[in-house]
Amino acid sequence: MDKAPDAFRTISEVAQELDVPQHVLRFWESRFREIKPMKRGGGRRYYRPNDLDLLRGIRHLLYSEGYTIRGVQRLLREQGLRFVQSVWQEGAPQPVHQPGDVEEDEAAIELTEEEAPEPRLPLAGGDDAERSEQRSAPRAAAPPPVAGLTREDAQKLQTALRELTECRRLLEETWRDTR
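Computed from a predicted structure; not experimentally measured.

Cut-off values and rules
- Residues numbered from 1 in each chain as written.
- Predicted model: local features only at pLDDT ≥ 70, side-chain atom pairs only at ≥ 80, totals over all residues.
- Heavy atoms only, no water.
- Helix = DSSP H or I, 4+ residues; strand = E, 2+ residues; numbered from the N terminus.
- Areas by Shrake-Rupley, 256 points an atom, 1.4 Å probe, with all protein chains shown as cover.
- Buried < 20%, exposed > 50% of the residue type's maximum accessible area, 1.4 Å probe, protein only.
- Core = buried A, V, L, I, M, F, W, Y, C linked by side-chain atoms within 4.5 Å.
- Contact = heavy atoms within 4.5 Å.
- Salt bridge = Lys/Arg side-chain N within 4 Å of Asp/Glu carboxyl O.
- Phe/Tyr/Trp six-rings, centres within 6.5 Å; stacked < 30°, edge-to-face > 60°.
- Axes fitted to C-alpha atoms, helices over the stretch in contact; angles between N-to-C directions.
- Parallel < 35°, antiparallel > 145°, perpendicular 65-115°, else oblique.
- Nonpolar A, V, L, I, M, F, W, Y, C, P; charged D, E, K, R; others polar.
- Left-handed = near helix turned anticlockwise from the far one by under 90°.

1. Describing the overall build of the chain
Reasoning step 1: Counting secondary structure elements, the chain contains seven helices and three strands.
Reasoning step 2: Going from the N terminus to the C terminus, the chain shows its helices and strands as β-α-α-β-β-α-α-α-α-α.
Reasoning step 3: For the chain, the exposed area adds up to about 11,800 Å²; of that, 50% sits on carbon and sulfur atoms.

Listed below in C-alpha cells is the structure:
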C-alpha cells in the first residue's frame with residue numbers, strides 16, 4: 001500500500017526511497033541541523049514531506065554534484081532551506097560551485113590528520129599494552145586513487161570513507177561510555 005504524498009515516513013521508508021542506508025540518514029542528521037524528523041517513543045524518527053525533500057536535496061548535492069558536507073552546509077546558510085529542498089528536482093536552479101564546496105582535487109584523496117580514522121575498537125581479551133601501542137602508532141594516509149577511477153567514483157568513495165569514519169567515531173564513543 002502506497003502512502004499519501006503528505007504522509008510521514010519512517011527512517012526505513014526514507015532510506016529505501018533515497019537508496020541510502022539508515023545510518024547515513026542518522027549521520028546527516030548530526031551534520032545538518034536543518035534535518036529535524038519528529039521523534040516518538042523509543043526515539044523513532046518520522047520524516048515529514050519537507051524533511052524528505054531536504055534529504056533528497058542533500059543526497060543530490062553530495063552524490064550527484066560532488067559537494068562536501070561543508071559545501072552543502074554553506075549552501076543551506078547562504079541559499080536557504082527551500083533552495084536545497086528543491087535543488088534535486090528536474091529543471092531546478094543549480095548552485096554555483098565555490099572553492100571547498102566539492103572534493104578538493106581529483107588526485108588528492110588523502111585524509112587529513114583530523115579525518116584519519118581512530119584506532120580500532122579493542123577486541124575482547126586484548127591487553128592494555130597492545131591497545132596503547134595501537135593508539136600511538138602513526139596514522140597512514142589513504143592510498144592515492146587507482147588509475148582509471150573516475151572523479152565521480154573517487155568522490156563517492158571519499159564520501160563513504162568520511163561517513164564510515166564518523167560511524168566508527170560514534171561507535172567508539174558509545175563503547176567508551178558503556179565501559
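From this point, the narrative continues.
2. Concerning helix H4 (residues 69-79)
Reasoning step 1: If you check which residues of H4 are buried, you get Gly71, Val72, Arg74, Leu75 and Leu76.
Reasoning step 2: Among the residues trailing H4, glycine 80 stands out with phi positive, at a value near 95°.

3. With respect to the nonpolar core
Reasoning step 1: Judged by nonpolar contacts, the single largest core of 27 residues is most densely connected at Leu25, Trp28, Ile35, Leu55, Ile58, Val72 and Val84.
Reasoning step 2: Residue assignment for this core shows that the elements contributing at least two residues are helix H1 (11-18), helix H2 (22-31), helix H3 (49-64), H4 and helix H5 (81-86).
Reasoning step 3: Element by element, the count of residues in this core is highest for H3, at seven residues.
Reasoning step 4: Filtering out sequence-adjacent residues up to four positions away, isoleucine 35 remains in contact with Trp28, Glu29, Tyr47, Leu54, Leu55 and Ile58.

4. Considering the pattern of salt bridges
Reasoning step 1: Tallied over the entire structure, the rule returns eight salt bridges.
Reasoning step 2: Note that glutamate 29 and lysine 39 form a salt bridge whose closest N and O atoms lie 3.3 Å from each other. Note that glutamate 29 is positioned in helix H2 and lysine 39 in strand S2 (residues 38-40), a separation of 10 residues in sequence.
Reasoning step 3: One network of salt bridges, with partners in common, ties together Glu17, Asp53 and Arg56.

5. Things to note about the packing of aromatic side chains
When we look at a pair of aromatic rings, we describe it by the centre distance and by the angle of the planes.
Reasoning step 1: Taken as a whole, this structure holds one aromatic pair when the rule is applied.
Reasoning step 2: Ring geometry for tryptophan 28 against tyrosine 63: centres 6.0 Å apart, planes inclined by 55°, an arrangement best described as tilted. Placement of tryptophan 28 in helix H2 and of tyrosine 63 in helix H3 is noted, with a sequence separation of 35 residues between them.

6. Some details on the packing of H2 against helix H7 (residues 151-178)
Reasoning step 1: Viewed as axis vectors pointing N to C, H2 and H7 meet at an angle of 80°, and their least axial separation amounts to 11 Å. Here H7 runs roughly perpendicular to H2, going by the angle between their axes. Contacts between H2 and H7 involve His23, Val24, Phe27, Trp28 and Arg31 on the former and, on the latter, Glu163, Glu166 and Cys167.
Reasoning step 2: Of the residues belonging to the contact of H2 with H7, the class tally is four nonpolar, one polar and three charged.

7. Brief notes about the packing of H1 against H3
Reasoning step 1: Remark: H1 packs on H3, axes separated minimally by 11 Å, with the N-to-C direction vectors making an angle of 40°. By the angle between their directions, the pair H1 and H3 is classed as oblique. With respect to the hand of their crossing, H1 and H3 are arranged in right-handed fashion. Contact with H1, carried on its side by Val14, Glu17 and Leu18, involves Leu52, Leu55, Arg56 and Arg59 of H3 and no other residues of that element.
Reasoning step 2: Tallied by class, the residues present in the contact of H1 with H3 amount to four nonpolar, no polar and three charged.

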